[in-house]
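Read off the chains here:
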Amino acid sequence: MTTTAALSDTGWAFDDATGPGPAMSRLLATLPARPSLLGLGEPLHGVDLFLRLRNELLRHLVEHEGFRSVALESDCLAGLAVDAYVAGGAGSLDDVMAHGVSHGWGAFAGNRDLVAWMREYNQGRPEGDRLRFFGFDAPTEMMYAASPRRPLTALRDHLAACVEPSLLPDDAALIDELAGDDERWTDPAAAMEPRRSVGATASAVRLRLLADDLLALATAQTPRLRAMTSDDDRWLARLHGRTAAGLLRYHAVMAAASPWRYARLMIQRDAMMAENLLAIAEREAGRGPALVFAHNAHLQREQGRWEVSQLGQSLTWWPAGAIAADGLGDRYAFVATAIGSLRPRGLGAPAADTVEGVLSTLPGERRLLDGRRLAAALDDTGLEPVRRADNTDDHGYFPRDPAHLADSDGILFLRDVAG
């Protein structure tokens, strides 16, 4: 058997006519367990093709594999508005995309199409069969993080409606008093200047203690809360509570004048992502699996690494996927997307000795490969590809690491991406 034939036997080709859905079903059939979360990674952000393929896959997974939700790398609290909209709530698509999807990604056509399709699908269906939308990212942007005031207030209000007032560690006005104006938390200058951050102020430290007290009270009052509130209300309260606590930790790191500050921020962000993913898996356990879509670097099982030339550092961290996989075991599956060329973003054809170069020798423009079978086939044929060294013009591209091919359940390979 030739090398090309051996590698071709590790996956399935697809085109625009067949779409990636049937290939994904074949891959899912090889897994040791049905996943609760199926992570689909993209190698960089802002490429329409990745969003369109994700939408095709979700439709197939909903119709043929029983999937009932999707989770995006977007603000977990803002995403509540999107979930309400796809369930048939009031409002316009323009408004929900502008305010419910963070990082400016609400403007992408693929994301608009996703939300519009989910709302249409849900029409006339019973509540238990409707599709749900989740954001699983922290309420952070590139240059700032949100104030903890709103999620902390939401947690306190949930508790105040159910427990004796004497058990609450504060009065209703204290959170507003300590947090102050939300704008002081979102100062973009704090991203580069730790001294501008409010994360180390006395009021922020006191808010962290208050968040801890409220979360402890929620745990202590679990039986009472279960008797008095719905599953949805308790889930929302926990979401707000862990988000407030996570934001306060994030702001504390922003205020730290440490040479490893950026690595610590990445660690904190992915830890918050992982907490949200595990909570989504728990919530959706009785309904069906969730498709999770984010950058490969957030969903991979292996340790993340980012060479940041501006800092002269190699940042390493355990991404959300690795943490979720540790908690879910075989119920977490990950499919990475790999690309050959993306010329509109400055990425030409891959060198022949790279993972992407080897995959480019396979027939067809698009393939879904079994990661473990691919790694084994490369070993059998004696090929030892290297990690790709070229990058896109925005340095947001992460190539596949040949040492970790077997850590991916699947690899979605696209030979040439137009833009």
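As a reminder, the structure under discussion sits directly above these lines.
This text gives an overview of the structure that appears in the document. (Residues numbered from 1 in each chain as written. Predicted model: local features only at pLDDT ≥ 70, side-chain atom pairs only at ≥ 80, totals over all residues. Heavy atoms only, no water.)

**Brief notes about empty space enclosed by the protein**
Just so we agree on the cut-off: Put plainly, a pocket is an open set of points on a 1 Å grid over the protein atoms alone with protein on both sides within 12 Å along at least five of seven lines, a cavity is a set where a 1.4 Å probe fits but cannot get out, and a lining residue has an atom within 4 Å of a point. Grid points are joined across faces, edges and corners, and a volume is the space filled by probe spheres set on the points. A helix here means a DSSP run of H or I that spans at least four residues, while a strand means a run of E at least two residues long, and both kinds are numbered starting from the N terminus. Residue polarity follows a fixed list, in which Ala, Val, Leu, Ile, Met, Phe, Trp, Tyr, Cys and Pro are nonpolar, Asp, Glu, Lys and Arg are charged, and the others, Gly among them, are polar.
Counted under the stated rule, the structure contains three cavities of 30 Å³ or more. Quantified by volume, the largest cavity comes out at close to 150 Å³. As for the largest cavity, its lining consists of 15 residues, and the residues nearest its centre are Glu42, Leu51, Trp105, Asn111 and Phe293. The set of elements that each furnish at least two residues to the lining of the largest cavity consists of helix 3 (48–65), strand 3 (69–75) and strand 5 (290–295). Counting residues per element, the lining of the largest cavity draws most heavily on strand 3, which supplies three residues. Split into classes, the residues belonging to the lining of the largest cavity amount to eight nonpolar, four polar and three charged.

**Here's the deal with the packing of aromatic side chains**
What counts here: Aromatic contacts are taken between Phe, Tyr and Trp rings whose centres are within 6.5 Å, Trp giving its six-membered ring; a plane angle under 30 degrees counts as stacked, one over 60 as edge-to-face, and the others as tilted. Counted as over-ring charges are cases with an Arg CZ or a Lys NZ within 6 Å of the ring centre that also lie within 35 degrees of the ring normal.
Per the counting criterion, the structure on display carries two aromatic pairs. For the cation-ring pair, Arg54 lies above Phe293, with the distance from its terminal atom to the ring centre recorded as 4.9 Å. The residue whose ring lies beneath Arg59 is Trp117, and the NZ or CZ to ring-centre distance is 5.4 Å.

**Comments concerning the nonpolar core**
In plain terms, the rule: By convention a nonpolar core is built from buried Ala, Val, Leu, Ile, Met, Phe, Trp, Tyr and Cys residues, the set being connected through side-chain atoms within 4.5 Å. For every residue, the accessible area obtained with a 1.4 Å probe (protein chains only) is divided by the maximum for its type, and the residue is called buried under 20%, exposed over 50%, and partly exposed between those limits. Throughout, a contact is declared for two residues whenever any of their heavy atoms are within 4.5 Å.
In terms of nonpolar packing, the biggest core is built from 49 residues, with Met24, Leu38 and Ile339 touching the most fellow members. Looking at this core, the element that brings in the most residues is helix 3, giving eight residues. In this structure Met24 touches Leu38, Leu57, Leu61, Val335 and Leu368, once residues within four positions along its chain are discounted. Counting 24 residues, the second-largest nonpolar core is a separate cluster that includes Leu239, Met273, Ile280 and Ala294.

**Topic: the sheet that holds strand 1 (residues 11–13)**
To summarise the sheet geometry, strands pair through backbone hydrogen bonds and adopt either a parallel or an antiparallel arrangement. Under the convention used in this document: By definition, two strands form a pair when at least two bridges between them are found by DSSP. Geometry is summarised by axes, namely lines fitted to C-alpha atoms with helices restricted to the contacting stretch, and by angles between N-to-C directions that run from 0 to 180 degrees.
The strand order across the open sheet formed by eight strands is 1-9-10-8-2-5-3-4, and the pairing between neighbours is mixed. Sheet topology places strand 1 and strand 4 (132–137) at the edges, where each strand pairs with a single neighbour. Sheet twist, expressed as the average angle between the axes of neighbouring strands with direction ignored, equals 25 degrees. Strand direction decides the pairing type here: strand 2 (residues 37–42) and strand 5, joined by six bridges, are parallel. Considered in strand 5, the bridge of Leu37 is made with Ala290. Against the sheet, helix 2 (residues 21–30) contacts strand 1, strand 2, strand 8 (332–341), strand 9 (366–370) and strand 10 (410–416), and its axis sits at roughly 5 degrees relative to strand 9.

**With respect to unusual backbone geometry**
Working note: non-glycine residues mostly have negative phi, and peptide bonds are mostly trans. A positive phi is found at His103, a non-glycine position, where the angle reads about 60 degrees. As for its placement among the helices and strands, His103 is situated in the loop between helix 5 (93–100) and helix 6 (109–122). A positive phi is found at His395, a non-glycine position, where the angle reads about 55 degrees. Within the element layout of this structure, His395 appears in the loop between helix 16 (371–381) and strand 10.

**Focus on a nonpolar patch on the surface**
The criterion, for reference: Patch criteria: residues need more than 30% relative accessible area and no salt bridge. Like-charged residues are merged within 9 Å; nonpolar side chains of Val, Leu, Ile, Met, Phe, Trp and Tyr are merged within 5 Å. Only the protein chains shown count as cover for residues, and the accessible areas themselves come from Shrake-Rupley with a 1.4 Å probe. Should a side-chain nitrogen of Lys or Arg be within 4 Å of a carboxyl oxygen of Asp or Glu, the pair is scored as a salt bridge.
Among the surface-exposed residues, Met142, Met143, Tyr144 and Met192 lie close enough to one another that they form a single nonpolar patch of about 450 Å² accessible area. Relative to the helices and strands, Tyr144 is located in the loop between strand 4 and helix 7 (149–160).

**Examining the packing of helix 7 against helix 11 (residues 231–254)**
Counted only if it meets this: By the definition adopted for this analysis, an angle is roughly parallel if under 35 degrees, roughly antiparallel if over 145, roughly perpendicular if from 65 to 115, and oblique otherwise. Put simply, a crossing is left-handed when the front helix is turned counterclockwise from the back one by less than a right angle, and right-handed when it is turned clockwise.
Running from amino to carboxyl end, helix 7 crosses helix 11 at an angle of 140 degrees, the nearest separation of the two axes being 8 Å. For the element pair helix 7 / helix 11, the angle class is oblique. Viewed along their axes, helix 7 and helix 11 form a crossing whose handedness is left-handed. Contacts from Pro151, Leu152, Ala154, Leu155 and His158 in helix 7 reach Asp233, Arg234, Ala237, His240, Gly241, Thr243, Ala244 and Leu247 in helix 11. In terms of residue class, the contact of helix 7 with helix 11 is built from seven nonpolar, four polar and two charged.

**So, the side chain of Ser147**
Filter applied, for reference: Within 3.5 Å is the distance limit for a polar contact, defined as a pair of N or O atoms, with the added protein rule that one can donate a hydrogen and the other accept it, and that residues adjacent in sequence qualify only through two side-chain atoms.
Among the structural elements, Ser147 can be located in the loop between strand 4 and helix 7. A distance of 3.1 Å separates the side chain of Ser147 from the side chain of Asp182, its partner in a polar contact.

**Considerations on helix 7**
The line we're drawing: Under the convention used throughout, the expected extent of a helix is 1.5 Å for every residue step, that is, one less than its residue count.
Helix length check: helix 7, at 12 residues, gives a terminal C-alpha distance of 16 Å against a target of 16 Å (1.5 Å per residue), a fit within 8%. Elements that come into contact with the buried residues of helix 7 comprise helix 8 (174–179), helix 9 (202–220), helix 10 (222–228) and helix 11.

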